[in-house]
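# Coordinates in review
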Amino acid sequence: MNFRLSSNKGYSYSILSIHKVFNKSAAYSRLLSIILVSLFLLLSIFAPPVHAVKLTFVKHLFDISHNFKQPSDVAVSGDGLVYIVDGVNNKIKVFNQEGKFNFSFGTKGALNGQFNFPLGIDVGSEGKVYVADSGNHRIQIFNSSGKYLSQIKVPSKDDNPSDPTDVVVNNALNRLYAADNNNHQIVAYDISTGSVVDTYGEPGMEKREFRYPFLMEKDSNDYLYSVDVINARVQVLHPEGKFVMYIGGWGVEKGRFFRPKGVAVDGSNNIYVSDSYMGVIQVFQPDSAFHSVIGDPDSRAVKKFVSPVGMFIDKNNRLYVVEMFAEKVSVYSIEAD
C-alpha cells in the first residue's frame, strides 16, 4: 500500500517555512488528523504490535523555557553554552548547562545583527555562532557573546529568492553549508572568503534531489545529513556533495516519516530524526538501518513530544529537543542500550 502527498510549490513552501506551518487553516489541521487516524487504523490491522519496537530510553533532566515563540533549533558550544533560535521573537537566547538564562541577541530587522525569522543555528569549533537568517536570505556570524562579525549572502536562483533554513559549519574543511529550502539545494561556501564553492541538489525525488531541504547536521566523518521534508527522508552526502544514502521514506511505521524536521548525530554516529507531526524521534544506525524509537523509562513506552523540530546531542550525550508547539527545549540524558 503506497501513499504519496503531492503539492504545488506554494503549498509546499507554506508547510515547510516553519513560521507559516502553524498558521495553516483549521480545515487543513482537521484533514491531517483524519489522515493520521486512518493510517493508524490501517496499521493496527496490518502492522506488528507497538511493543515489538525497540526503544532507546532518555531520562528527562529539565526544560528550558523563556517566553519563546515558536523556537526552531538549538546548538551547544564546546564550552557548554546552549544557543536557542527564538524565531518569531527574532532572537537567539543563550543558556548555561543548567538551563539558566545568560543573555540574548538580535531584534527584528535587516541591519547587521538583526533577524527576519531566523530558523537554524550552528556553533563552529572555534566558538563562532552561525545563524540561518531566513527572511533576510543570509547566514549571519557572531562571536560567542553575540557580537556581530560578518555575513554570507545566500544567492537567488533563477530570480527565485533564497530561503536559508539551516547552516552547518566544518572548520576542519573550511566549509560552511547552507540549506536553501526555497531552491531545493545546499550551497557550500569557503568560510575564509565567503565565496560559493559548489551547490548540491535540484528539485526532485532522486539521488541528490530535494523537495524543501530543512535542518541539517554532520557526523564525525564530516558527512552531511539533510532533512528532505516533502520526500520524507534524510539524505546523506559526502562533504564534497556526492550522494551517500537515504534514511527513511514516507510512512507511519517504524523507520518511516510523516513529516521529518530535525536531525542530530551522536558520538557513535547514530542518527536521530524528529517527526514533527507524529511527535516521535527515531534512531538509526550509521548504515541507515532502523535502530529504535526514543522511549520513556517510566512508562516503558514510546515517548511523545509536542512538535519536535531541531535537536542537538552534546559531548556529554545529552539530547536537546526543541518542542515548537510547547515553546520549550527539553533536555535529556541518553541511556545506554
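The text that follows walks through the structure, step by step, so that each part is easy to find. (Residues numbered from 1 in each chain as written. Predicted model: local features only at pLDDT ≥ 70, side-chain atom pairs only at ≥ 80, totals over all residues. Heavy atoms only, no water.)

### Observations regarding the overall build of the protein chain
Helix and strand counts for the protein chain come out as three helices and 27 strands. When the 337 residues of the protein chain are sorted by exposure, 57% land in the buried category. Put simply, of all contacts in the protein chain between residues at least 6 apart along the chain, 48% involve residues at least 24 apart. Carbon and sulfur atoms form 51% of the exposed surface of the protein chain, whose accessible area is close to 14,200 Å². (Helix = DSSP H or I, 4+ residues; strand = E, 2+ residues; numbered from the N terminus. Buried < 20%, exposed > 50% of the residue type's maximum accessible area, 1.4 Å probe, protein only. Contact = heavy atoms within 4.5 Å. Areas by Shrake-Rupley, 256 points an atom, 1.4 Å probe, with all protein chains shown as cover.)

### Regarding the sheet that holds strand E8 (residues 138-142)
Backbone hydrogen bonds hold the strands of a sheet together, and the pairing may be parallel or antiparallel. Strand order across the open sheet formed by four strands is E6-E7-E8-E9, with antiparallel pairing between neighbours. At either margin of the open sheet sits one strand with a lone partner, and together these are strand E6 (118-123) and strand E9 (148-153). Sheet twist, expressed as the mean angle between neighbouring strand axes with direction ignored, is 20 degrees. Strand direction decides the pairing type here: strand E7 (residues 129-133) and E8, joined by five bridges, are antiparallel. By the bridge assignment, valine 129 is partnered in E8 with phenylalanine 142. (Pairing = 2+ DSSP bridges. Axes fitted to C-alpha atoms, helices over the stretch in contact; angles between N-to-C directions.)

### Some points on the sheet that holds strand E11 (residues 175-180)
Taken in spatial order, the four strands of this open sheet run E10-E11-E12-E13, and their pairing is antiparallel. Two strands lie at the open edges of the sheet, namely strand E10 (164-170) and strand E13 (196-200), each paired on one side alone. Between one strand and the next, the sheet's axes are offset by a mean angle of 20 degrees, whatever the strand orientation. Inspection of the sheet shows strand E12 (residues 185-190) paired to E13 by four bridges, in the antiparallel sense.

### Comments concerning the layout of surface pockets
For the largest pocket, the calculated volume is near 660 Å³. Counting residues per element, the ones that place at least two in the lining of the largest pocket are E6, E10, strand E16 (213-218) and strand E25 (308-313). A per-class count over the lining of the largest pocket returns seven nonpolar, 13 polar and eight charged. (1 Å grid on protein atoms, 1.4 Å probe; cavity = no way out; pocket = protein on both sides within 12 Å on 5 of 7 lines; lining within 4 Å. Points joined across faces, edges and corners; volume = space filled by probe spheres on them. Nonpolar A, V, L, I, M, F, W, Y, C, P; charged D, E, K, R; others polar.)

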